[in-house]
Amino acid sequence: MLNIVLYEPEMPLNTGNIGRTCVITGSRLHLIEPLGFQLTSKMIKRAGLDYWDRLDVTRYMDYGDFLDRNPGARIFFATTKGKHRYTDVTYRDGDYLMFGKESAGIPEEILVKHPESCIRIPMLPEERSLNLANSVAIVTYEALRQMDFPGLETEGELHRLKW
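These numbers come from a predicted model, not from an experiment.

Basis of the calculations
Residues numbered from 1 in each chain as written. Predicted model: local features only at pLDDT ≥ 70, side-chain atom pairs only at ≥ 80, totals over all residues. Heavy atoms only, no water. 1 Å grid on protein atoms, 1.4 Å probe; cavity = no way out; pocket = protein on both sides within 12 Å on 5 of 7 lines; lining within 4 Å. Points joined across faces, edges and corners; volume = space filled by probe spheres on them. Helix = DSSP H or I, 4+ residues; strand = E, 2+ residues; numbered from the N terminus. Salt bridge = Lys/Arg side-chain N within 4 Å of Asp/Glu carboxyl O. Pairing = 2+ DSSP bridges. Contact = heavy atoms within 4.5 Å. Axes fitted to C-alpha atoms, helices over the stretch in contact; angles between N-to-C directions. Buried < 20%, exposed > 50% of the residue type's maximum accessible area, 1.4 Å probe, protein only. Parallel < 35°, antiparallel > 145°, perpendicular 65-115°, else oblique. Left-handed = near helix turned anticlockwise from the far one by under 90°.

Draft legend 1. View of the layout of surface pockets. Its volume calculated, the largest pocket comes out at about 510 Å³. As for the largest pocket, its lining consists of 24 residues, of which T80, K101, G105, S129 and L130 are closest to the centre. Within the residue set of the lining of the largest pocket, elements represented by two or more residues are β7 (118–120) and α5 (132–146). The element that contributes the greatest number of residues to the lining of the largest pocket is α5, accounting for three residues.

Structure below.
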């Protein structure tokens, strides 16, 4: 199981979408407060559809609380400042993929302590960043691909016709 960590997320639609991705992939969602919205927000439920009730989610008072409750966690920090591409990492079951808040990312005070664990999604140099929910999906599916999509359906059936 992968662990998706959102550091102080600000936008309920992104968090709802990410929650849906977590349910579909069997990943656990970790939310580090403060949040920029209430978890009871209609926008969260709209973005997460009927998946939100099945989401495995844990909230933390702050980053210190997250570290205290997850000792020894192998964390990758997704950041536009990272020197390693997200595809250069070998992911394992149980890894934590951390993403920062929409307006500022993960604080540099955290990043500088973990330079070898900072990963980035390549993009044009003059652009700021991808949408948070898109970034989570990209990195999550790369990690799952490397592990051969454990427990996930990899084939589908047509509804009316046959292959």
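Draft legend 2. Quick peek at the pattern of salt bridges. In the structure shown here, the tally under the stated rule is seven salt bridges. Across the pair D88 and R85 runs a salt bridge whose closest N-O atoms are separated by 3.1 Å.

Draft legend 3. A look at the sheet that holds strand β5 (residues 84–85). Spatially, seven strands are ordered β3-β2-β1-β6-β4-β7-β5 in an open sheet, and the strand pairing comes out parallel. For this open sheet the edge positions go to β3 (57–60) and β5, each flanked by a neighbour on one side alone. Relative to strand β2 (residues 28–32), strand β1 (residues 3–7) runs parallel, the two being bridged by five bridges. Along β2, the bridge assignment pairs I4 with L29. With respect to the sheet, helix α1 (residues 12–25) is in contact with β1 and β2, its orientation differing from that of β2 by roughly 150 degrees. Together, β1, β6 (96–99) and β7 form the strand contacts of α5, whose direction differs from that of β6 by roughly 160 degrees.

Draft legend 4. Quick look at the pairing of strand β4 (residues 75–78). Of the two faces of β4, the one carrying I75 and F77 and the one carrying F76 and A78 are both buried. Sheet topology note: the β4/β6 ladder contains four bridges and is parallel. Its bridge partner being in β6, F76 is matched across the sheet by L97.

Draft legend 5. Just the packing of α1 against α5, in detail. For the pair α1 and α5, the least separation of the axes is 9 Å and the interaxial angle reads 15 degrees. The orientation of α1 with respect to α5, classified from their angle, is roughly parallel. The way α1 lies across α5 gives a crossing that is right-handed. For the pair formed by α1 and α5, the contact residues are N14, N17, I18, I24 and T25 on the first element and L132, A133, V136, T140, Y141 and L144 on the second.

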